[in-house]
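Listed below are the residues making up each chain.
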Amino acid sequence: MAAAHGHTLTEAEGASVLGRSCADTAAWLDGHCPDSGADVLEAELEETFLAAVEADAPLRPGARALLDLLEHDGPPAALVSASPRRVVDAVLRTLGGEAFRTTVADGESDRSKPHPDPYLMAAARLGLPPEACLVVEDSPTGIAAAEAAGCRVLAVPSSAPIEPAPGRRVRFDLTSLLHEWAQRESV
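Residues numbered from 1 in each chain as written. Predicted model: local features only at pLDDT ≥ 70, side-chain atom pairs only at ≥ 80, totals over all residues. Heavy atoms only, no water.

1. Notes on the state of the cysteines
Under the convention used in this document: We call a pair of cysteine sulfur atoms a disulfide when they lie within 2.5 Å. Here's how the labels work: a residue is buried when its accessible area is under 20% of the maximum for its type, exposed when over 50%, partly exposed in between, all with a 1.4 Å probe on protein chains only.
Taken as a whole and assessed by the stated rule, the structure comprises zero disulfides. Here C22 stays unpaired: no disulfide links it, and the sulfur of C33, its closest cysteine neighbor, is 15 Å away. Its relative accessible area of 11% is what places C22 among the buried residues. No disulfide involves C133; its sulfur sits 4.9 Å from that of C151, the nearest cysteine.

Encoded structure:
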């Protein structure tokens with residue numbers, strides 16, 4: 001989208017907006033593509049992301065198996081997103097939302113990621129303290145939100161590198177989590 005509006009997005013710039021709401025990203029883009037207007041950019045971002053989800057975007061390795069495990073034998077799960085509700089609903093239609101007891105979309109908490117509000121809301125809806133929650137996140141923005149909420153984090157980077165930190169583990173795909181889970185269950 002940036003290129004279509006006259007800006008060549010660098011890797012660092014892409015990483016800085018990864019995982020943010022459409023409004024946040026549009027405001028950032030508006031600073032680099034001022035002839036477009038933040039409202040136009042926000043609507044275009046939402047439509048582009050929705051179209052990608054509806055076109056059956058590929059799942060990350062291990063994601064389907066993890067969702068199946070959560071649905072049948074796992075702890076209560078929530079989907080927390082900085083995307084608008086209609087995008088989250090499209091994701092749920094694509095994935096099957098049965099694994100999630102609750103969802104939180106952009107605009108449903110006081111502030112969106114990178115603030116902790118969406119994760120605090122999800123934990124409350126699950127009836128769990130945030131420190132009892134394990135958040136699986138792919139973006140620095142989402143990780144910042146989850147950590148600010150007091151959750152433990154499993155980072156599975158998508159397009160921005162993420163380093164391990166206290167309370168945070170990093171894996172390159174979800175298959176390692178599934179193997180660890182299976183080993184614990186067999187003990």
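2. Section: the pattern of salt bridges
In a structure, side chains of opposite charge can pair up when their charged atoms sit close to one another. Quick reminder of the rule: Basic side-chain nitrogens of Lys or Arg form a salt bridge, by our definition, when they fall within 4 Å of a carboxyl oxygen of Asp or Glu. By definition, any uninterrupted DSSP run of H or I lasting at least four residues is a helix, any uninterrupted run of E lasting at least two residues is a strand, and each is numbered from the N terminus.
In total, this model carries ten salt bridges according to the counting rule given. Here E46 and R86 are joined by a salt bridge, their closest N and O atoms 2.4 Å apart. Note that E46 is positioned in helix α3 (residues 38-54) and R86 in helix α5 (residues 85-95), a separation of 40 residues in sequence. For E54, the salt bridge is made with R93, and the minimal N-O distance between the two is 3.8 Å. One end of the pair, E54, is in helix α3; the other, R93, is in helix α5, with 39 residues separating them in the sequence. The pair E54 / R93 is uniform in exposure class, with both members exposed. Members of the salt-bridge network, linked through shared partners, are E46, E47 and R86.

3. Topic: the pairing of strand β3 (residues 134-137)
Here is the rule: Whether two strands pair comes down to DSSP finding at least two bridges between them. By definition, the crossover connecting two strands over a helix is right-handed if that path, from the first strand to the second, turns clockwise as seen with the strands pointing away from the viewer.
Burial of the side chains of β3 is restricted to one face: V135 and E137 are buried, whereas none of L134 and V136 on the reverse face is. Pairing of β3 with strand β4 (residues 152-155) involves four bridges; the strand directions are parallel. Along β4, the bridge assignment pairs L134 with R152. Regarding the hand of the β-α-β motif, the stretch spanning β3, helix α7 (residues 140-149) and β4 is right-handed.

4. Regarding the environment of V53
Structurally, the position occupied by V53 is in helix α3. Separated by 42 residues in sequence, V53 and L95 have C-alpha atoms that sit 10.0 Å apart.

5. Topic: α5
Of all the positions in α5, only V87, V88, A90, L92 and L95 are classed as buried. Positive backbone phi, at 90°, marks G96, one or two positions downstream of α5.

6. Comments concerning the confidence of the model for the protein chain
Let me state the cut-off plainly: pLDDT runs from 0 to 100 and stands for how confident the predictor is about each residue.
Per-residue pLDDT for the protein chain has a mean of 89; in total, 98% of the residues score no lower than 70. Within the protein chain, the lowest mean pLDDT, 75, falls on helix α8 (residues 175-186), and the highest, 98, falls on helix α6 (residues 117-126).

7. Points about the packing of helix α2 (residues 22-32) against α3
Condition: With axes taken as lines fitted to C-alpha atoms, and helix axes fitted only over the stretch in contact, angles between N-to-C directions fall between 0 and 180 degrees. Roughly parallel covers angles under 35 degrees, roughly antiparallel covers those over 145, roughly perpendicular covers 65 to 115, and oblique covers all other angles. Whether a crossing is left-handed or right-handed is set by the direction in which the near helix is turned from the far one by less than a right angle, anticlockwise for left-handed and clockwise for right-handed. Note on definitions: a residue-residue contact is assigned when non-hydrogen atoms from the two residues lie within 4.5 Å. Polarity classes work like this: nonpolar for Ala, Val, Leu, Ile, Met, Phe, Trp, Tyr, Cys and Pro, charged for Asp, Glu, Lys and Arg, and polar for all others, with Gly in that last group.
The N-to-C vectors of α2 and α3 enclose an angle of 130°; their axes lie 8 Å apart at closest approach. Considered as vectors, α2 and α3 are oriented oblique to each other. By crossing handedness, the relation of α2 to α3 is classed as right-handed. Contacts between α2 and α3 involve C22, A23, T25, A26, L29 and D30 from the first element and A38, L41, E42, L45 and E46 from the second. Classifying every residue of the contact of α2 with α3 by side-chain character gives seven nonpolar, one polar and three charged.

8. Focus on the nonpolar core
As a reminder, the rule being used: Joining through side-chain atoms within 4.5 Å is the link that ties buried Ala, Val, Leu, Ile, Met, Phe, Trp, Tyr and Cys residues into a set, and such a set is a nonpolar core.
Formed by 18 residues in total, the largest nonpolar core has its most connected members in L66, L70 and F100. Listing elements by their share of this core, those giving two or more residues are α4 (63-72), α5 and α8. Among the elements that line this core, the one with the most residues is α4, at four residues. Setting aside residues up to four positions removed in sequence, L66 forms contacts with L174, L177, L178 and W181. Counting 16 residues, the second-largest nonpolar core is a separate cluster that includes A122, C133, A146 and A149.

9. Let's talk about α4
Heads up, the condition is: Arc definition: it is the arc formed by the directions from the helix axis to the C-beta atoms.
By the burial criterion, the buried members of α4 are A63, L66, L67 and L70. Projected onto a plane normal to the axis of α4, the buried residues spread over an arc of 100° and lie on a single side.

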